[in-house]
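A structural walkthrough
The residues making up each chain are set out below.
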Amino acid sequence: MAGRSKSREVHDELKNGRRRKRLPDESSYPVVYSSDQLAHDNWNHMFLKSLSHGLTLRQYDTPPADILDLGCGSGLWVMDAAQQWPNSNFVGYDRLQIQPDLKVVSLLQPGLEDLAKRVKWMHGNFLDSLPFKANSFDFVRICGVGLGVPEDEWQDLLQEVARVLKPGAFVEIVEEDLIFPASADTVKEIGPRTSMRKLRPLLIPTPQEQTNRASRTSNISMKSPSRLASTMARFHSDSRPLPEPEIRVSSPYPRPTISELLDPRDHSKLKAAWDNMLHKRFLAPGLLSVLQFYFSAEFESVQSHPPIRIVMPLNSQMTFDGGKSLSIRTRSTSVSSKLGIATATSPAPQTPITPTVSSSSENGIEGYGPRREDTQVLEPVITTSWAAMHLSKVFSTVQGCKEAIWPEYKELEGPVDDEEKVLMLRKEFLASWAHWESDMRDRIGMRYQMQNDLAWSTSVVTDPPEWKTWRDRVGYLDGVDDAQPQVNAAEICRAIRGFVGRKPFNQDI
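Residues numbered from 1 in each chain as written. Predicted model: local features only at pLDDT ≥ 70, side-chain atom pairs only at ≥ 80, totals over all residues. Heavy atoms only, no water.

1. Remarks on the pairing of strand 5 (residues 165-176)
Selection rule: Any residue under 20% of the maximum accessible area for its type is buried, any over 50% is exposed, and the rest in between are partly exposed; the area is computed with a 1.4 Å probe on protein chains only. Numbered from the N terminus, helices here are DSSP runs of H or I no shorter than four residues, and strands are runs of E no shorter than two. Strands qualify as paired when DSSP identifies two bridges or more between them. Handedness of a crossover: with both strands directed away from the viewer, a clockwise path from the first strand across the helix to the second marks it as right-handed.
The element strand 5 is extensively covered by neighbouring structure, given that 10 of its 12 residues are classed as buried. Note that strand 4 (residues 137-143) and strand 5 share six bridges and pair parallel. Opposite F137, over in strand 5, you have L165 as the bridge partner. Handedness of the β-α-β unit built from strand 4, helix 6 (residues 154-164) and strand 5 comes out right-handed. Note: strand 5 against strand 15 (residues 492-502), seven bridges, orientation antiparallel. For E175, the partnering residue across the bridge sits in strand 15 and is R497.

Quick look at the structure:
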């Protein structure tokens, strides 16, 4: 309690001395939601459900009666929980109206007729005050809203959650750091005005381009004989050296495109633009560290599992067949593996997440994790389990931020007023974005993973996909194309952590 009181004092001091940066009714959420995000949210729900061996991190003997899912998205968790907890009532609250019509659902699926009576969808900006009376809910759940909550508003949001919770009721938050997925060797420190003019051209033609270019001939033209004769006559008259005949050579290679001028593995400017976008919206890249402080200051009996950090998958390996380069997929885990926790070196036992107290109790933090008697601190769990799907989830989210990243990418060049320069920057941005997308798709590599693990066969494709062309152009990669490629546990594509806390019984409303 002493640790929580100290955190509360710092919390109140920060609150009294700050000003909200967001305007009323304004949303800082940069993601343009699509069916792709919807599919990945559904997969994420199944992953978290398997990870916690249930609907929630805190297991309930008796399900809570009134439940609020804040930032419910498509409403899949609410629908799943409503079927497993038939005596509970649910409110799904989100800014987007993307939840199913429950009356239609009950007509299409017999046995779900009571869902429309027990489940209610509501819409609004949860950064403003929540439209619920005090002491309304027995359980509040928040999952994956980090890109929509500025750092200076987590205090307000958690206070609103505490207001609508009944005394002694629990809140659960599952969030992740706001990561731009890119390998460390593809991101470099950059300064202002780092346009493509200053990037080292990397002109590595594909085998097909080499064949096409070799078939072309140089066009060499000399000055006409009459002009050459007159030049010689002038030489004899003024005794000046005879100039060399002018030879104009037009290159057999076509003018390189913007995509060819850019290093296909350099994602530095996109990463810088992503960081600037987060900064402009006051979003915390290391959200898990920030959230731990705010959460422990507002609630008591706080528990959490160790941070789960997903290792960035490797690029595909290169091999050669008949003189043609091929990309083939190798993975450290298979599609058929369970949704469990595995370390980067060896799989861990498939044990449920159970409460265990950590020694870091001065901040009121207790841990959810596999029970280990010798554990003194909450060490992160480093895993390669289902890394491709986790990367695909983060990749999809960042893709939804594309148009929010573009203004920050343009701003890296400083003030640009000329429309032609803006157009060139836009083309550069799109080319850089295409390179990054190809890199991520090559790492995700679900097509080859399905072929290798499930023996799926596909028809022959004449034109390779863009990511395959990108991989051929990149060529050999150190540490990837070695005989025994090594996973770098320091390169993380996703970091997840859950927090569970209880509203104090005597907290003032």
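Next comes the rest of the account.
2. Details of the environment of K49
This is how it is decided: Note on contacts: a residue pair qualifies if any of its non-hydrogen atoms lie within 4.5 Å across the two residues.
Topologically, K49 is positioned in helix 2 (residues 35-52). The class for K49 is partly exposed, based on a relative accessible area of 28%. Sequence-distant contacts of K49, defined by excluding residues within four places in its chain, comprise G54, L55, D80 and Q84.

3. Regarding empty space enclosed by the protein
To find leftover empty space, one rolls a probe the size of a water molecule over the atoms. Inclusion rule: Buriedness of a pocket was judged along seven lines, with at least five required to meet protein on both sides within 12 Å; pockets are open sets of points on a 1 Å grid over the protein atoms alone, cavities are sets where a 1.4 Å probe fits but cannot get out, and lining residues have an atom within 4 Å of a point. Grid points are joined across faces, edges and corners, and a volume is the space filled by probe spheres set on the points. Under this grouping Gly is polar, as are all residues other than the nonpolar Ala, Val, Leu, Ile, Met, Phe, Trp, Tyr, Cys and Pro and the charged Asp, Glu, Lys and Arg.
Under the criterion given, the structure shown has three cavities of 30 Å³ or more. Taken as a whole, the largest cavity encloses approximately 790 Å³ of empty space. Surrounding the largest cavity, 47 residues form its lining, Y29, D41, C143, G144 and V145 being those nearest its centre. Secondary-structure elements contributing two or more residues to the lining of the largest cavity are helix 2, helix 3 (76-84), strand 4, strand 5, helix 12 (387-399) and strand 15. Ranked by residues supplied to the lining of the largest cavity, first place goes to helix 2 with seven residues. A breakdown of the residues in the lining of the largest cavity according to their chemical character gives 21 nonpolar, 16 polar and 10 charged. In this model, the second largest cavity occupies a volume close to 100 Å³. Along the walls of the second largest cavity sit 13 residues, with L48, K49, S52, L55 and E172 positioned nearest its centre. When contributions to the lining of the second largest cavity are tallied by element, the ones reaching two or more residues are helix 2 and strand 5. The leading source of residues in the lining of the second largest cavity is helix 2, at five residues.

4. Here we look at the side chain of E175
Just so we agree on the cut-off: By the counting rule applied here, Lys and Arg register as positive and Asp and Glu as negative, while His and the ends of each chain are not counted. Salt bridges, as used here, are contacts in which a Lys or Arg side-chain nitrogen is within 4 Å of a carboxyl oxygen on Asp or Glu. Within 3.5 Å is the distance limit for a polar contact, defined as a pair of N or O atoms, with the added protein rule that one can donate a hydrogen and the other accept it, and that residues adjacent in sequence qualify only through two side-chain atoms.
Looking at where E175 falls in the secondary structure, it is placed in strand 5. No salt bridge is formed by the buried E175. Its closest oppositely charged neighbour is R494, at 8.5 Å. A distance of 3.0 Å separates a polar side-chain atom of E175 from the backbone nitrogen of G144. Here E175 is in contact with I142, C143, G144, V145, G146, W154, L287, L288, L291, A495, I496 and R497, once residues within four sequence places are set aside.

5. Observations concerning the pattern of salt bridges
Pairing between side chains becomes possible if they bear opposite charge and their charged atoms approach one another. If you walk through the whole model with that rule in mind, you get 17 salt bridges. Between R502 and E300 there is a salt bridge whose closest N-O contact spans 3.3 Å. Taken together, the positions of R502 in strand 15 and E300 in strand 8 (residues 300-304) put the pair 202 residues apart, joining distant regions of the chain. Classification of R502 by relative accessible area gives partly exposed; the value is 22%. Beyond isolated ion pairs, a larger network of salt bridges with shared partners links D66, D138 and K166.

6. Considering helix 6
The element helix 6 is extensively covered by neighbouring structure, given that 10 of its 11 residues are classed as buried. Inspection of helix 6 places W154, Q155, D156, L157, L158, Q159, E160, V161, A162 and V164 among the buried residues, and these make up the whole buried set.

7. Considering helix 14 (residues 419-444)
As a reminder, the rule being used: One fewer than the residue count of a helix, multiplied by 1.5 Å, yields its expected span.
For helix 14, which comprises 26 residues, the first-to-last C-alpha distance of 37 Å matches the rise-based estimate of 38 Å (1.5 Å per residue) to within 8%. Measuring from the backbone nitrogen of E420 back to the side-chain oxygen at the start of helix 14 gives 2.9 Å, which picks out D418 as the cap.

8. Let's talk about the packing of helix 12 against helix 14
How we decide: For helices, the fitted line uses only the C-alpha atoms of the stretch in contact; every axis is such a line through C-alpha atoms, and the angle between N-to-C directions lies from 0 to 180 degrees. Convention used here: angles under 35 degrees read as roughly parallel, angles over 145 as roughly antiparallel, angles from 65 to 115 as roughly perpendicular, and any remaining angle as oblique. Crossing handedness: left-handed means the near helix sits turned counterclockwise from the far one by under a right angle, and right-handed means the same turn made clockwise.
Contact geometry for helix 12 and helix 14: axes closest at 9 Å, N-to-C directions at 160°. It follows from the interaxial angle that helix 12 and helix 14 lie roughly antiparallel. Relative to helix 14, helix 12 is oriented so that their crossing is left-handed. Between helix 12 and helix 14, the residues in contact are A388, L391, S392, F395, V398 and Q399 and W433, W436, E437, M440, R441, R443 and I444, respectively. Here the residues of the contact of helix 12 with helix 14 sort into eight nonpolar, two polar and three charged.

Structural measurements only, silent on function.
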